Each structure stands twice: as C-alpha cells, then as structure tokens.
Amino acid sequence: MENNSKFILRAIELSKKSIKHQGGPFGCVIVKKGKIISEGFNKVTSTNDPTAHGEIVAIRDACKKLNTFNLEGCDLYSSCEPCPMCLSAIYWSHIDKIYYANTREDAKDIDFDDSLIYTEISKDKNDRQIEMVQMHREEALEAFKIWKNKDDKIKY
C-alpha cells in the first residue's frame, strides 16, 4: 500500500502542476511492475484538445513508450475518478486497475460536471440531446465485411 500512496500522491502533484500550466486540476500516472512508465496532466485548454485529459495524455504516452496499444499489466493512478471518456479509454487500453483520489461529485463541486454524459449514455440514442442520424449503412458494411474476412488482422 505504501507504493500505492506514492503513486497517487504523484498524480495529485501533477494535478497541481496542471493548474500552473492553465489546465484543469487533474493528473495521472501509469505504473507497470512498480515503476511509473508515464505521466499526464490536463492539457485541454493549453492544446485546444477536449480529449487531452490527464488519463488520456498518460495512456497515449504509455502506449508510445511501450510500443503497444495494450496496457495489460499496468495500473492507473488518477487524482480524480475518471470521466466517462477516460474510463472508456482505460477499458480500451486494458489497464488492470484504477486508483483515484477525488470523486466525480468532488469534480462536480468545482464545475467539472460529467453527470449529463453519464445520463446521456444510458438513454436510447433517439432520446439524446445530440441528434444521431444513421446514413449509408450498406456501403459502410462493406468495410466491416472486408475486416471480418481479413486473415492477418490485429485484434484489439
């Protein structure tokens, strides 16, 4: 548990660093075999990238350093409970475990409120605030058929 404290405290330190760099107060580290392999903090406003959350930045860096899209065997330490986008990325990257400090309710208290997204995800797509229009499914299915029949595909 002592190492866990060290890693979460580093994520918290990065969240404070983020504020100094004009980002939101979120930091993250990814650990493999007891060593930090990547760090990230919020860069949304400094890079004009709404996906540049601390966790996403750390995941991208870890994948680059390890030359893989699969982060099995890694743990993620975040200064805050991951938002829906980051949680999805964590699942896609196959990270083993998430440790976090602040809760989504704590984030909501300082105007980082993801409750709309959580609510929207659970709705039928026809009831969401952002309209979804399906087009050209038959043409798009051609790519899926090619993929399905591809012998040398890399699954993820």
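Here the structure is a predicted model, which means the values were calculated and not measured. (Residues numbered from 1 in each chain as written. Predicted model: local features only at pLDDT ≥ 70, side-chain atom pairs only at ≥ 80, totals over all residues. Heavy atoms only, no water.)

Here we come to the layout of surface pockets. Put simply, the largest pocket is a space of about 300 Å³. Lining the largest pocket we find 19 residues, and of these Phe26, His53, Cys83, Phe112 and Asp114 sit closest to its centre. (1 Å grid on protein atoms, 1.4 Å probe; cavity = no way out; pocket = protein on both sides within 12 Å on 5 of 7 lines; lining within 4 Å. Points joined across faces, edges and corners; volume = space filled by probe spheres on them.)

What follows concerns unusual backbone geometry. The phi angle at Asn48 is positive, at roughly 55°, despite the residue not being glycine. Within the secondary structure, Asn48 is located in the loop between helix H2 (44-47) and helix H3 (54-66). Residue Asn48 is classed as exposed on the basis of its relative accessible area, which comes to 70%. (Helix = DSSP H or I, 4+ residues; strand = E, 2+ residues; numbered from the N terminus. Buried < 20%, exposed > 50% of the residue type's maximum accessible area, 1.4 Å probe, protein only.)

With mixed pairing, the 4 strands of this open sheet are ordered in space as S2-S1-S3-S4. Each having just a single partner strand, strand S2 (35-41) and strand S4 (97-102) make up the two edges of the open sheet. Adjacent strand axes in the sheet meet at a mean angle of 15°, parallel and antiparallel pairs treated alike. Examined bridge by bridge, strand S3 (residues 74-80) and S4 share 5 bridges and lie parallel to one another. Looking across to S4, one finds that Tyr77 is bridged to Tyr99. (Pairing = 2+ DSSP bridges. Axes fitted to C-alpha atoms, helices over the stretch in contact; angles between N-to-C directions.)

On to a negative patch on the surface, then. Side chains of Glu105, Asp106, Asp109, Asp111 and Asp113 sit close together on the surface and give a patch of like negative charge. Of the residues examined, Asp111 reaches a relative accessible area of 70% and is grouped as exposed. (Patch = residues over 30% accessible without salt bridge, like charges linked within 9 Å, V, L, I, M, F, W, Y side chains within 5 Å. Areas by Shrake-Rupley, 256 points an atom, 1.4 Å probe, with all protein chains shown as cover. Salt bridge = Lys/Arg side-chain N within 4 Å of Asp/Glu carboxyl O. Lys, Arg positive; Asp, Glu negative; His and termini not counted. Charge placed at Lys NZ, Arg CZ, Asp CG, Glu CD.)

Residues Phe69, Trp92, Ile154 and Tyr156 make up a contiguous nonpolar surface patch of about 550 Å² in total accessible area. According to the relative accessible area criterion, Ile154 is exposed, its value standing at 58%.

Attention shifts here to the pairing of strand S1 (residues 27-32). Within S1, 5 of the 6 residues are buried, leaving the element largely enclosed by the surrounding structure. Relative to S2, S1 runs antiparallel, the two being bridged by 6 bridges. Bridging from a neighbouring strand, Ile30 pairs with Ser38 of S2. Turn length for the S1-S2 hairpin, with the two strands adjacent in sequence and antiparallel, is 2 residues, and the turn residue Lys33 shows positive phi of about 50°. With 5 bridges connecting them, S1 and S3 associate as antiparallel partners. Looking at the pairing, Lys32 lines up with Cys74 of S3.

By themselves these figures say nothing about function.
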